[in-house]
Amino acid sequence: MNNAELADVFDRIASLLEIKGEMAFKTLAYRRAAESLRSMVEDIHSLRASGRLDEIPGVGKAIAQKIEELLDTGQLRYLNRLEEEVPPSLIELLNIPDVGPKKVALFWQRAGITTLDALETAAREGRLRDLPGMGPKSEIRLLEGIKAYRCSIRRVPLPVARTLARPWLKWLESQPGVTQAQAAGSLRRWKPDIGDLDIVFASDHPAPVMQGLTQKKEVHRVLAQGEYKSSIELEDGLRLQFWCQPPERFGSLLQFVTGSKAHNVRLREFAQKVGFSLSERGLLDRSGVEHLCAAEEDVYEKVGLPWIPPELREDRGEIQAAMQRRLPNLIRFEDLVADLHLHTNWSDGEGSIEEMVSAAQQIGRRLLAVTDHSFLIKVDEGSSFDKLERQRAEIEKLRSQLGGDFILLHGAEVDILSDGSLDLADEVLQQLDIVVASLHFGLNQPRQVITNRLLNAIRNPYVDIIAHPSGRSLPDFEGADLDWEAVFSAAREYNVALEINSNPAHLDLDEAHARRAAEQGLLLCINSDSHAPRQLGREYGVAVARRAWIEPRQVLNAWPADQILEWLKNHRSRKR
DNA sequence: GCCGTTTTCGGCCCGACTGTTTTCAGTCG
């Protein structure tokens, strides 16, 4: 059993306990433990072997024992007993919008319903409207909810969500009385994908704006409409939520809607300790005096904390770090000095080397490594070396035109073959200024095989960077099954940098592995993997790094250009 | 079930909206 499977078990327990009507705090405890296990990179077996289960946040004596039983037997007696008491098929019903544990228990105990199909039939036949708290309207809402769940769309990738949000923000900003509008929620936290879109705005007279929003032609269905909050659904099922407060309370609202939920719960607990009740409307001190926050910074300042960047607000220790004034100095897009992985029209890129250089200069880069695919640049066995030679000649010519202000390196992205060797010979690699190695095929090999492949590449004397280490390709492939501890340990031993790839389909390393790598002192590198000049401006890799608490000092291409060159030089001579 | 700047026991976030209600429960974020 791995971390994710354990997390699923504890989520399952939490759902069953909720339906059973168990104390809310107990179910919350299981949810928290599940979340911890899910976001953890270190393998649960190694944690257990060293007796450190109690170091997992939210795991105490009882849950630790359950983890041990699951690891030993693959079973959990407690869960088995629970499933005899509460039909497990009820868990699915919790996914229906507006259906929570109380409703599920009602359907089950008062109408004998245990499955989604049975629930739908009962609602259609009007058999639910007489249950306590139900009526004809809630029956219709339930049927709509079931329909929405049945054709529920996948989470929306962040770049798509950002594009979707733009016209709504523009419309809001054009409305009289609206002083500001902003996307919040997981979009503002730069999560790689989002479930629904949260948009906040400030106005003293929100009613006509809310009215206008719900009447726009894109709106398929209005789910809720109030003074401070409205919720709509688009034709494709995507849900948008609009929140409003007057300008003098906008900071509180933005803080609240940015989330995450877990962060907000922690922050409110903390606020309680220092004497405030915190909500999306403001802060209430113990004497009942209200303190308003027009800016988000005010919320944190009033409870005695420094402002916490949205990317950190996941309840992964950020409030503790803020208390101790130890928040990381997060890397920013403008901190990147170099881009060390990109493609030109020498292989499958769209831009010439010159066009890529010009685009890089426009966004403030000082160093660029041209790393075309070895397998594409290699026209046939005999001519690869010739083509690389010609590319080198072009780069040298460009260098003389550029003068000393911009540094252009000649590299390649080489393929790691199935035996772990590289598809360019060492004599060829030796001629290059930088070598980026990566996996492109055979990604479903068993853990040991594919890990060894990567380890061989790391040990190669000429390899400087491992690009998109897991080969993740969203949304269909989550990445190879690697022994990460072995990869990290080899990368440390051979001083090879691991990439955080900025292509939204890769984002690889992902944030959990990036954080773990950084914690272990590994060197990272945030590259665009551009195949066109416009892609050099991709910010998604930096977003992953920020969500992984990473600072500029941990990122090779955020160092000053001369230090990057120095590292490349030293690194190669040390490795050989 | 977890956890400790108020605690090894007794806490554990807060408000908006809906639909059913004559005052509230359930759900959501």
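All values derive from a computational prediction rather than experimental measurement. (Residues numbered from 1 in each chain as written. Chains lettered and ligands numbered in written order. Predicted model: local features only at pLDDT ≥ 70, side-chain atom pairs only at ≥ 80, totals over all residues. Heavy atoms only, no water.)

1. Observations concerning the protein's contact with DNA strand B
Near DNA strand B, the surroundings consist of 48 residues, among which Gly100, Gly135, Gln225, Arg268 and Gln272 are the closest. Within 4 Å of the protein, the atoms of DNA strand B are drawn from sugar and phosphate moieties in a proportion of 73%. Between glycine 100 and DNA strand B, the recorded distance is 2.6 Å, taken from a backbone N or O atom to a phosphate oxygen. Residue lysine 137 places a main-chain N or O atom 3.2 Å away from a phosphate oxygen belonging to DNA strand B. Only α2 (24–39), α4 (61–73), α6 (101–111), α8 (136–150), β5 (219–225), β7 (239–245), α13 (261–273) and β8 (276–279) provide two or more residues apiece to the surface near DNA strand B. When residues in the surface near DNA strand B are grouped by element, the largest group, five residues, is from α13. When the residues that make up the surface near DNA strand B are grouped by side-chain class, the tally is 20 nonpolar, 12 polar and 16 charged. (Near = heavy atom within 4 Å. Polar contact = N/O pair within 3.5 Å; in protein donor to acceptor, adjacent residues only side chain to side chain. Helix = DSSP H or I, 4+ residues; strand = E, 2+ residues; numbered from the N terminus. Nonpolar A, V, L, I, M, F, W, Y, C, P; charged D, E, K, R; others polar.)

2. Concerning the nonpolar core
Considering soluble globular proteins, one finds that nonpolar side chains tend to be buried as a cluster. Ranked by internal contacts, the top residues of the largest apolar core, which has 78 residues, are Trp168, Phe201, Phe242, Ile466 and Ile550. Among the elements that take part in this core, helix α9 (residues 158–173) stands out by supplying six residues, more than any other. Of the residues that make up this core, three or more belong to each of domain 2 (156–245) and domain 4 (333–575). Residues within four places of isoleucine 550 in sequence aside, it is in contact with Asn329, Leu330, Ile331, Ile500, Ala514, Ala518, Leu524, Ala545 and Val555. In terms of nonpolar packing, the next biggest core, distinct from the first, is built from 50 residues, Leu6, Leu76, Phe107 and Ile146 among them. (Core = buried A, V, L, I, M, F, W, Y, C linked by side-chain atoms within 4.5 Å. Buried < 20%, exposed > 50% of the residue type's maximum accessible area, 1.4 Å probe, protein only. Domains from an automatic or database assignment. Contact = heavy atoms within 4.5 Å.)

3. Concerning the sheet that holds strand β16 (residues 497–501)
A sheet is described by the order of its strands in space; here seven strands give the open sequence β11-β12-β13-β14-β15-β16-β17, paired in parallel fashion. One side of each edge strand has no neighbouring strand; the edge strands of this open sheet are β11 (338–339) and β17 (524–527). Pairing of strand β12 (residues 367–373) with strand β13 (residues 407–415) involves seven bridges; the strand directions are parallel. Each bridged residue has a counterpart across the sheet, and for threonine 371 the counterpart in β13 is glycine 411. Each of β12 and β13 touches helix α16 (residues 353–362); the most contacted strand, β12, lies at about 140 degrees to it. Where helix α23 (residues 540–547) meets the sheet, it contacts β16 and β17, and its direction lies at approximately 115 degrees from that of β16. (Pairing = 2+ DSSP bridges. Axes fitted to C-alpha atoms, helices over the stretch in contact; angles between N-to-C directions.)

4. Here we look at the domain arrangement of chain A
In terms of domains, chain A is made up of domain 1 (3–151), domain 2 (156–245), domain 3 (258–323) and domain 4 (333–575). Between the C-alpha centres of domain 1 and domain 3 the distance comes to 29 Å.

5. Brief notes about the environment of proline 157
Mapped onto the secondary structure, proline 157 falls in strand β1 (residues 156–157). In this structure the C-alpha to C-alpha distance between proline 157 and proline 475, which are 318 residues apart in sequence, comes to 8.8 Å. Proline 157 has contacts with Pro192 and Asp193, leaving out every residue within four places of it along the chain.

6. A closer look at the pattern of salt bridges
Enumeration according to the criterion identifies 46 salt bridges in this entry. The residue arginine 38 makes a salt bridge to aspartate 11 at a minimum N-O spacing of 3.0 Å. Of the two residues, arginine 38 is situated in helix α2 and aspartate 11 in helix α1 (residues 3–20); the sequence distance between them amounts to 27 residues. Here arginine 38 falls in the partly exposed class, since its relative accessible area comes to 36%. (Salt bridge = Lys/Arg side-chain N within 4 Å of Asp/Glu carboxyl O.)

7. A look at the pairing of β7
The buried fraction of β7 amounts to seven of the seven residues, a majority that puts the element mostly inside the structure. Alternating positions in β7 separate into two faces, Arg239, Gln241, Trp243 and Gln245 on one and Leu240, Phe242 and Cys244 on the other, with burial throughout. Where strand β4 (residues 197–203) and β7 come together, six bridges link them in parallel fashion. Note that in β7 the partner of valine 200 across the bridge is tryptophan 243. The antiparallel hairpin formed by strand β6 (residues 229–234) and β7 contains four residues in its connecting segment, where glycine 237 sits at a positive phi of about 95 degrees.

8. Here we look at the layout of surface pockets
Empty space within the second largest pocket amounts to approximately 230 Å³. For the lining of the second largest pocket, the elements supplying multiple residues, two or more each, are α13 and α15 (318–323). Among the residues making up the lining of the second largest pocket, the classes are represented as three nonpolar, two polar and five charged. (1 Å grid on protein atoms, 1.4 Å probe; cavity = no way out; pocket = protein on both sides within 12 Å on 5 of 7 lines; lining within 4 Å. Points joined across faces, edges and corners; volume = space filled by probe spheres on them.)

9. Overview of the packing of helix α20 (residues 447–459) against helix α21 (residues 484–493)
Here α20 crosses α21 at 5 degrees, and the two axes come no closer than 10 Å. The orientation of α20 relative to α21 falls into the category roughly parallel. In contact with Thr451, Leu454, Leu455 and Ile458 of α20, α21 contributes Ala486, Val487, Ala490 and Ala491. A breakdown of the residues in the contact of α20 with α21 according to their chemical character gives seven nonpolar, one polar and no charged. (Parallel < 35°, antiparallel > 145°, perpendicular 65-115°, else oblique.)

10. Side note on α9
It helps to recall that an α-helix has 3.6 residues per turn; residues three or four apart then point in one direction. Over its 16 residues, α9 runs 22 Å from end to end, which matches the ideal 22 Å to within 8%, given 1.5 Å per residue. Maximal helix bending in α9 amounts to about 25 degrees, located at arginine 166; proline proline 167 follows within four positions. Residues Leu158, Ala161, Ala165, Trp168, Leu169 and Leu172 constitute the buried set of α9. (Expected span 1.5 Å × (residues − 1). Bend = angle between axes of the 7 residues up to and from the residue.)

11. Thoughts on the side chain of arginine 453
With respect to the helices, strands and loops of the structure, arginine 453 is situated in helix α20. Of the buried charged residues, arginine 453 lacks a salt bridge, with aspartate 415 as the closest side chain of opposite charge at 6.1 Å. (Lys, Arg positive; Asp, Glu negative; His and termini not counted.)

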